[in-house]
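What the coordinates show
Single-letter residue listing:
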Amino acid sequence: MTWIEKFEERLKAPAIATPDWFECIPAQQRDEAHRLVAIGAPVYVRPAKSGGSIVLFDDTEFVAGVFSESVAAERFASAWNHQR
């Protein structure tokens, strides 16, 4: 993956709890997204079956983000876990 592709991937992943992030969540799951954000649920990174990494809220299967590179997923998760 080139540095441009890495940069573009980061742009596609708005930070958790931002208006842009909520817009990425399917409408039928937004109430749950708001609940998880309101309680400050932490997130963790798990390898995706198809490659890359998935960021999930703890004790749920609620996906907060999907990344082709684990480093980007770790940064995304870390940013939320440190601010919550």
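As the structure is a prediction and not an experimental result, all values here were calculated from the model.

We now examine the pattern of salt bridges. Throughout the structure, instances matching the rule amount to two salt bridges. Here glutamate 32 makes a salt bridge to arginine 35, at a shortest N to O gap of 2.8 Å. Remark: arginine 35 and glutamate 32 occur in helix 3 (residues 30-38); sequence separation between them is three residues, near one turn of the helix. For glutamate 32, a relative accessible area of 30% corresponds to the partly exposed category. Of the charged contacts, one joins arginine 46 and glutamate 61 as a salt bridge, the two residues approaching to 3.4 Å between their closest N and O atoms. Here arginine 46 is found in strand 1 (residues 43-47), whereas its partner glutamate 61 is found in the loop between strand 2 (53-57) and strand 3 (63-67), with 15 residues between them in sequence.

A few words on the nonpolar core. Judged by nonpolar contacts, the single largest core of 19 residues is most densely connected at Ile16, Trp21, Val43, Val55, Phe57 and Ala64. Of all the elements in the fold, those that place two or more residues in this core are helix 2 (19-24), helix 3, strand 2, strand 3 and helix 4 (70-83). Non-local contacts of phenylalanine 57, meaning those with residues more than four positions away in its chain, are made with Ile16, Trp21, Leu36, Ala41, Pro42, Val43, Tyr44, Phe62, Ala64 and Trp80.

This part is about the pairing of strand 2. Side-chain positions along a regular strand alternate between the two faces of the sheet. Counting buried positions over the five residues of strand 2 gives five, a clear majority of the element. Residues Ser53, Val55 and Phe57 of strand 2 are buried on one face, and the alternating residues Ile54 and Leu56, pointing to the opposite face, are buried as well. As judged from the five bridges shared by strand 1 and strand 2, these two strands associate in the antiparallel manner. Residue pairing across strands places proline 47 opposite serine 53, the latter belonging to strand 2. Count of turn residues in the strand 1/strand 2 antiparallel hairpin: five residues, of which glycine 51 carries a positive phi of about 105 degrees. Relative to strand 3, strand 2 is paired through four bridges, and the arrangement is antiparallel.

With that settled, consider helix 4. Taking 1.5 Å of rise per residue, 14 residues should cover 20 Å, and helix 4 covers 20 Å from first to last C-alpha, within 8% of that figure. Among all positions in helix 4, only Ala72, Ala73, Phe76, Ala77 and Trp80 are buried. The arc that holds every buried residue of helix 4, seen down its axis, measures 130 degrees, which confines them to one face.

Cut-offs and rules
- Residues numbered from 1 in each chain as written.
- Predicted model: local features only at pLDDT ≥ 70, side-chain atom pairs only at ≥ 80, totals over all residues.
- Heavy atoms only, no water.
- Salt bridge = Lys/Arg side-chain N within 4 Å of Asp/Glu carboxyl O.
- Helix = DSSP H or I, 4+ residues; strand = E, 2+ residues; numbered from the N terminus.
- Buried < 20%, exposed > 50% of the residue type's maximum accessible area, 1.4 Å probe, protein only.
- Core = buried A, V, L, I, M, F, W, Y, C linked by side-chain atoms within 4.5 Å.
- Contact = heavy atoms within 4.5 Å.
- Pairing = 2+ DSSP bridges.
- Expected span 1.5 Å × (residues − 1).
- Arc of directions from axis to C-beta.

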